[in-house]
Amino acid sequence: MMPGSSWDERISAFLLSPSQFLSCTTPEIFLSELLDELRDDKTNDNKKVVLLSALLEHPTVLCPTISAGEGTAQELISILNYTSQKSVSLKCHIMLAITNVLICTSCLASRTKVAEDYLDFLFKTIQDTNDNTGGLAFQPLRAMACDCLREMESCKPGLLSQKTEALYYLKQQETTVLHQSYCMLYTQSLKNALYLLTGEKDVDTLKLRSILCGNEGFVWKTNELSLSMLPFSMMTHAPQLPTVLDCRELKSILSLLLEDSYLMTPISQAALLRGLVDIVATVPAISPGIFKSQLLRLFGTAEVELMHATLLMKGTFTDSLFTAEDEHFLIKRLVGMAQHPLLKIHEKLFYMDCILHFPENRPISSSGEECLPVLVTPRLTLSLLPTVFNDSATMLCRLNLLCLAHLEADEEEEGKGLSYLFDHLMALLKIVDNKGGREMVVTSFRAIFIFLTHFNHMEKFTEKLVNSLCDLYSRHCRLAPNQINLADCIQECFEDSPWSVQLLKALQRCIVEKPPLQLTLQNLSWHLKILGRVAQEGQIAQRITICLLLNVLINSNLCERRNWQVGNAILAVCRNLLQHPTLNQMFIELADLLQYMAKHYEDTDIQEHARFYYTLLTNLSWEKLAGVLTIGPEGGQAKVRSLSSIVAESDGLTSCLTVQQTEECVLQLMKVHEQESQRAIISRGTLENGGGKDLFEVYQAQFETPGFASEITLNYNLTHTKVTDPRFDRVFTICLHFDLNDSHYAEVSDIYVPCLFKNRKPPQVSLKLKPYQPYPTNLRLSAIFTTEDGLSWHTQLPDVKISFPEIFLPIPLPLGASHEFKEVVFDRIWKATSSGEPSSSATSLYCFMTGSSTLADLIQMNFEGFLITESPDNVWKVLFFLPPLFHVLLMIRQAEDAVQVSIATDNWELLPHVNSYLQNITAPCNKTTT
């Protein structure tokens, strides 16, 4: 394990972001260290449980291949076998981790040897019924084994299809609390086995009996059940067995399972009932009446899980199980539970949803649209009328349900109920008017939206709503965003509804009729939002809006105050007016407004945009104006409410609209050959002689100075890719932009290249990096450039990969330094590093076989620029400097049977990268050992 960090910290960091954590190591190294820690007898059980969480949460990250998963599972099985019998909880977690690895890495689907062995182990574990052998302490292991087998059966349906008789026998024998686990395992196996049988040809009673009496091995070659995780009732056509089968034995088994359900927890009962519903739906020879004895207790249950299973049962079997009386009783039961004072809010909402989607015996419509069941009448839901004392979620849910109930009701008979709902909306608006909080504001506008989605055709209500909302806005103009959002939502849902236009027109009239003294700067900002939205409606006359804005500018000091936000809001209104179909009718007024702003508004940006709008207005037709101002970022027409590229507030939209995006990558950076590249530049040059002082002390003093060796420069050629588009053969003014993937380097400045021609020598780009930590990294790279036709383009380039060796620098020694001095420097740094602080410094050993290549050739090829000295006794000393302030020292010795590389560094976190680097350069040699 890496010094200086605990396993708790490492696991937390890994779970938080596996990719970021593994940027400093590799999955193989981390997994190896994790397994070593799990094998360690000195590690306590709680810590091992924490370690296993890495394999439970991200098994495919640590085991990306089937072979890796197989090896990891085998190691975990070995650890499980050697774990003390007293560590029951730990053994359960290990079993769960093994199951997770086998399933997620496809070891189970591929039928690997370790998967077969582990399945045998699990089955042997559950055969110790009633704790006869292992005792009571062994019980959690059997429960976990049942859960693991059930999970494997779920992921590979039919795996236990030939074990049904054995599982049934074990279920019958078990008399402890684990009877529930055995029952669930058997039910799932039986359900999947019957489903597989539906896919076979010539199914007869003998084949059915072979399923029920199966007591053979595991079935690996089974057809995958694409919908095995869904109840059959949710499918369009549930597969069924022939009706001529003799199913008496199966019916007896199902009856016993139903009797066992009384002993289970509500969650397990619900799961069991769903499984049995699926089985009965598969076997038409068994009547759904087998569930009849369960209905009485299910109707009276207070458990959400059981009620959900009951409704699933009803939706599957309808009138073949539920009578009309049952249906009426059940819907009344749901209404009662939806308002039960002891239930939690989310439970009440569940029952409300059950009423809304109640599975009727004979539904009127099957189109999938939201349609209230016939049984849900206004009289039935009278007790569910919303009140202001309900919480927001309950209120909105009740309102939607009651609106649906009254939608098709007789107006004379049920008119009072509808009037009550409208009065409820008015009460909500009064609460908002009396300084209601943000939640009440949101709830009120959502309630109005729900009401209008059902009754926007009823003018007596819609007109009152418009008047009430305008009155509310006149006192609380901060509600402008809510008013605009409501109008937008209704317009999107009902394109033909005139209500949104009516509301916006009324709001416009409310604003323009306000006394001038009420138009404060703060209120004006909200009014301009409303007027900007009103200006988008072609059915609303806009001359009064322009007159208001011009009067405000003339009769106030807004122009002198240079308020950019207000000026920009006025320009936004003007931009929408330029696209209005009645532009010709208000041409003079709009021209006066823009000309006044261009001359008197004391903000240069606002003046320029007003002048530009004035130029467009006086030189382009309305059709051209609409085309210019509605061009979207992809070159097509934008939505009506999208911002234009020609507006002051759009800082980034202008470039977005004028810069085209290439369909493919057209440029790339290629690394310059090592001999041609000045691969590293040190910002302060080499050391200067200290005037007779100890040169090592001079080195230390300058080395500790900030910025001494802080930059690395790597050279690249900027070239074209294989894309053959002739438009990009000659590009100009190229701006290369780099984005970091981590925090190990300082931000990289943009690089500018004058031009790139396909038939000329590619320009060289010098990339300067300033490391905070000398780790390998990737830089995301994009470019903006101009083509000969004057268009600007944006393209994404392949990532720039900075490998670990590219960070190496030779140690900055004075020119002409002797070999003796280099060796002294090496020895002094080695000694300081070896005896340094353990939390920062570290030493290690790496060994490898030289193979056919000689050691001298390998050193010359890889370490020539960093070799300090070669001793007569075949000992090579290599020193890397890694900015900003780290060293890696190698002492290489030729032993009799292998080459030994002693490693020292003043940053222990570099060791994994050093190890990977040594493995890469010695790869042509024989197998390495560390």
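Worth saying up front: this structure is predicted, and the values here are computed from it rather than measured.

A few points about the overall build of the protein
Consideration 1: When its secondary structure is counted, the protein shows 36 helices and 13 strands.
Consideration 2: The proportion of buried residues among the 930 residues of the protein is 50%.
Consideration 3: When contacts within the protein are restricted to residue pairs at least 6 apart in sequence, long-range pairs at least 24 apart make up 70% of them.
Consideration 4: Summed over all atoms, the accessible surface of the protein reaches about 45,500 Å², with 52% contributed by carbon and sulfur.

Some thoughts on the packing of aromatic side chains
Consideration 1: For the coordinates displayed, the defined rule picks out 28 aromatic pairs.
Consideration 2: Consider the rings of phenylalanine 291 and phenylalanine 317, whose centres lie 5.8 Å apart with planes at 25°: the pair is stacked. Linking phenylalanine 291 in the loop between α14 (266–282) and α15 (292–299) with phenylalanine 317 in helix α16 (residues 304–317), this pair joins segments that are 26 residues apart in sequence. Neither residue differs from the other here; phenylalanine 291 and phenylalanine 317 are each classed as buried.
Consideration 3: Between phenylalanine 422 and phenylalanine 451 the ring centres are 6.0 Å apart and the planes differ by 55°, which places this aromatic pair in the tilted class. Within this pair, whereas phenylalanine 422 is found in helix α20 (residues 411–433), its partner phenylalanine 451 is found in helix α21 (residues 438–455), the two being separated by 29 residues in sequence.
Consideration 4: The rings of Phe804, Phe808, Phe863, Phe866, Phe880 and Tyr917 are connected pair by pair, giving a single aromatic cluster.
Consideration 5: Sitting over the face of the ring of tryptophan 7, arginine 10 holds its NZ or CZ atom 4.6 Å from the ring centroid.

A closer look at the environment of phenylalanine 218
Consideration 1: The topology assignment puts phenylalanine 218 in the loop between α12 (205–212) and α13 (248–260).
Consideration 2: When its relative accessible area of 16% is taken as the criterion, phenylalanine 218 is described as buried.
Consideration 3: Spatially, the C-alpha atoms of phenylalanine 218 and glycine 158 are 8.5 Å apart, while their sequence positions differ by 60 residues.
Consideration 4: Those residues in contact with phenylalanine 218 that lie beyond four places of it in its chain are Leu119, Asp120, Phe123, Leu159, Leu160 and Lys163.

Regarding the nonpolar core
Consideration 1: Judged by nonpolar contacts, the single largest core of 207 residues is most densely connected at Leu76, Ile126, Leu254, Phe291, Met313, Phe451 and Leu590.
Consideration 2: With residues up to four places along the chain from it excluded, the contact list for phenylalanine 291 reads Leu258, Leu276, Val277, Val280, Met313, Phe317 and Leu321.
Consideration 3: Judged by nonpolar contacts, the second largest core, of 59 residues, contains Leu797, Tyr846, Phe863 and Tyr917.

Some words on the pairing of strand β8 (residues 792–802)
Consideration 1: Pairing of strand β1 (residues 659–661) with β8, which is carried by three bridges, proceeds in the parallel orientation. The partner of valine 659 across the bridge, within β8, is serine 792.
Consideration 2: With nine bridges connecting them, strand β7 (residues 777–787) and β8 associate as antiparallel partners. Across the sheet, residue leucine 781 finds its bridge partner in β8, namely leucine 797.
Consideration 3: The hairpin turn running from β7 into β8, its antiparallel successor, is four residues long, and glycine 790 in that turn takes a positive phi close to 90°.

Rules used throughout
Residues numbered from 1 in each chain as written. Predicted model: local features only at pLDDT ≥ 70, side-chain atom pairs only at ≥ 80, totals over all residues. Heavy atoms only, no water. Helix = DSSP H or I, 4+ residues; strand = E, 2+ residues; numbered from the N terminus. Buried < 20%, exposed > 50% of the residue type's maximum accessible area, 1.4 Å probe, protein only. Contact = heavy atoms within 4.5 Å. Areas by Shrake-Rupley, 256 points an atom, 1.4 Å probe, with all protein chains shown as cover. Phe/Tyr/Trp six-rings, centres within 6.5 Å; stacked < 30°, edge-to-face > 60°. Lys NZ or Arg CZ within 6 Å of the ring centre and 35° of its normal. Core = buried A, V, L, I, M, F, W, Y, C linked by side-chain atoms within 4.5 Å. Pairing = 2+ DSSP bridges.

Read these as spatial facts, not as claims about activity.
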